[in-house]
Structures are given as structure tokens and as C-alpha cells.
Amino acid sequence: MTEDAAVPDLRASDADRERVAEILRDALAEGRLDMEEFEERLDATYKARTYGELTPITRDLPDRGAAVPAVSLTKEPAREGGWGDRIIGGDDAGTSSWAVAVMSGFQRKGHWTAPRRFNCFAFWGGGEIDLRDAYFADREVVINAVAIMGGVEVIVPPGVEVVVRGIGVMGGFDHREEGVPGEPGAPRVIVTGFAFWGGVGVDRKLPRAEKQRLREERRREKLERKEQRRRELEGSLPDLHDHLDLHDHLNLHGRPEEREPRGRDDR
């Protein structure tokens, strides 16, 4: 924490609030916060005006990749990140290298490390292999899926190149995401295997944190538009008050053209 952050009464910037919101999004994706807690803390984040109000929001949460439980408000350029941080390389064999679902299901999702080769088998069941928040043991990983009267779904994030080489007999492999160019430095995912009366699907979806960020942006824009309309309405109130005062005055004294002419008997 910098000298600035150590002064609780110092005003926080939009960038400070975004750093706290990013930590909350990571905590939601990792299961450290439920949706109700996340929304409460996020509202408090965007309402915070000082460092003293921001710091307690993440006091019990780890910073991204750090062991320090408090939020870091260091005044330094944001980390660029990128695919290089998610491709581990070396001798890492991955968090899990196989999965089986027999009349049941399996999932691999969240922050896990996909091995160079992942083998899975589904019989009268289904499996989900979610790579959106995953790390990769190598720049190229192979998912070998066998689906017998069952199904396996592979979810990849935008930017990942997908190659499908599986064989289907009275079943099939999804080729829709094939041919989409990958981003520089992004991993390559090869989906292969065999499907009999079953299927292996490939979907490309945004990471949950990114989807949540977009929802927050739309929510914030909606609140900003609402606040703008409120300010415009408040700005028009003086004119409205003047109009009402004039209306009351005319009703009390009568408009000149509405006054009855004074006759002889009125003199």
C-alpha cells in the first residue's frame, strides 16, 4: 500500500474503484463470495469516495495472484496480462489429466491447469471441460473425448484456436469453431476422439468475469443516465416554480382580460 492509500481520507479515483471491483469479480469466480455478497460489496465500491471506505471491502480477500489479504491500491500501471501468463510450460502435467462419467457427469472448470493431453469418457452421461479461466501446460493441448450414448462439451474463450479431428458414428463432433484465427500467443486446442450415438460439442464463450464486467458497465451506464435525467429535472425546477408562482398570482388576482368591466352601478 502506498503513502496515498495509507491516508484514509484521501479521495479515491475511478481506477482505484476498478481495481477493487476486479478483485471482487475474481472472488466471485473462485467461489469466495456468493452473488448477494458480491453485489453488496460492488455497490459499496462504486459509492466509495475515499481510501478509508475502499480498503475494508476486500480486507478478507486475496489480491489477484498475491498472498496479501488486503487490496493493493498501488499507483502503478495496470498489468497487461495476456496468454503468456496462462501458458505454464515446463514439466507441469496439469491439474487433472482424465475424467470418466458412466451414467453420471464430470466437470473441469474455473482456475485449473489443462494438461498437454486430457482424456475423457462419457457413457450414458455427460461432461463439461471449461477452458475459459484455465491455465495451459503447453501452447498446444489435446482433448481426447470418447462419448458413447453421451455427450462432452468443450468451452473455449475468445482468441483460442480450435482444431477438431474426432470421428462420429451415428454421432458427431462440432466443427463450428474451427477455422477461427487465434490471437498471437494464444494456445491451440485440438479436440479428437470418438462419438457413437453421442456428441462432442465445442462452444466459444466469454469468461464469467468478463460477462460480469460487461453487465456492470451496462448497469453503471444505466445509473449514469438516470442520474443525468435527475440532474436535468432538478435544473428545470426553478423554471417550473416561476411558472407555478405566476399561475397562482393570476388565479388570485385574475388576468386583466378576464376582469369584468366596471358598470355604472359598480362605481
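Fair warning: this is a prediction, and the values are worked out from it, not measured in the lab.

### Some remarks on the overall build of the protein
- Counting its regular elements, the protein contains four helices and 13 strands.
- The buried share among the 267 residues of the protein stands at 35%.
- Pairs at least 24 apart in sequence give 66% of the contacts found in the protein among residues at least 6 apart.

### A short note on a negative patch on the surface
- A grouping of D34, E36, E37, E39 and E40 is seen on the molecular surface, where their side chains present a negatively charged patch.
- Position of D34 relative to the elements: it lies in the loop between helix 1 (14-29) and helix 2 (35-47).

### Remarks on the pattern of salt bridges
- Inspection of the entire model under this criterion finds 16 salt bridges.
- Measuring nitrogen to oxygen at the nearest pair gives 2.8 Å for the salt bridge that ties R188 to E140. Of this pair, R188 sits in strand 12 (residues 188-196) while E140 sits in strand 7 (residues 140-148), placing them 48 residues apart in sequence.
- Salt bridges linked by common partners bring E18, E22, R25, E216 and R220 together as one network.

### Some points on the pairing of strand 13 (residues 199-204)
- Judged from the six bridges that link them, strand 8 (residues 151-156) and strand 13 form a sheet pairing that is parallel. Of the residues in strand 13, the one forming a bridge with V152 is V200.
- Alignment of strand 11 (residues 172-173) against strand 13, held across two bridges, turns out to be parallel. Bridge pairing links G172 to G199 in strand 13.

### Side note on the packing of aromatic side chains
- A full pass over the atoms with the stated rule returns three aromatic pairs.
- With a centroid separation of 5.8 Å and 70° between ring planes, the pair formed by W112 and F118 is classed as edge-to-face.
- Where F123 meets W124, the ring centres are 5.7 Å apart and the plane angle is 0°; that geometry is what we call stacked.

Reading the values: rules and limits
- Residues numbered from 1 in each chain as written.
- Predicted model: local features only at pLDDT ≥ 70, side-chain atom pairs only at ≥ 80, totals over all residues.
- Heavy atoms only, no water.
- Helix = DSSP H or I, 4+ residues; strand = E, 2+ residues; numbered from the N terminus.
- Buried < 20%, exposed > 50% of the residue type's maximum accessible area, 1.4 Å probe, protein only.
- Contact = heavy atoms within 4.5 Å.
- Patch = residues over 30% accessible without salt bridge, like charges linked within 9 Å, V, L, I, M, F, W, Y side chains within 5 Å.
- Areas by Shrake-Rupley, 256 points an atom, 1.4 Å probe, with all protein chains shown as cover.
- Salt bridge = Lys/Arg side-chain N within 4 Å of Asp/Glu carboxyl O.
- Lys, Arg positive; Asp, Glu negative; His and termini not counted.
- Charge placed at Lys NZ, Arg CZ, Asp CG, Glu CD.
- Pairing = 2+ DSSP bridges.
- Phe/Tyr/Trp six-rings, centres within 6.5 Å; stacked < 30°, edge-to-face > 60°.

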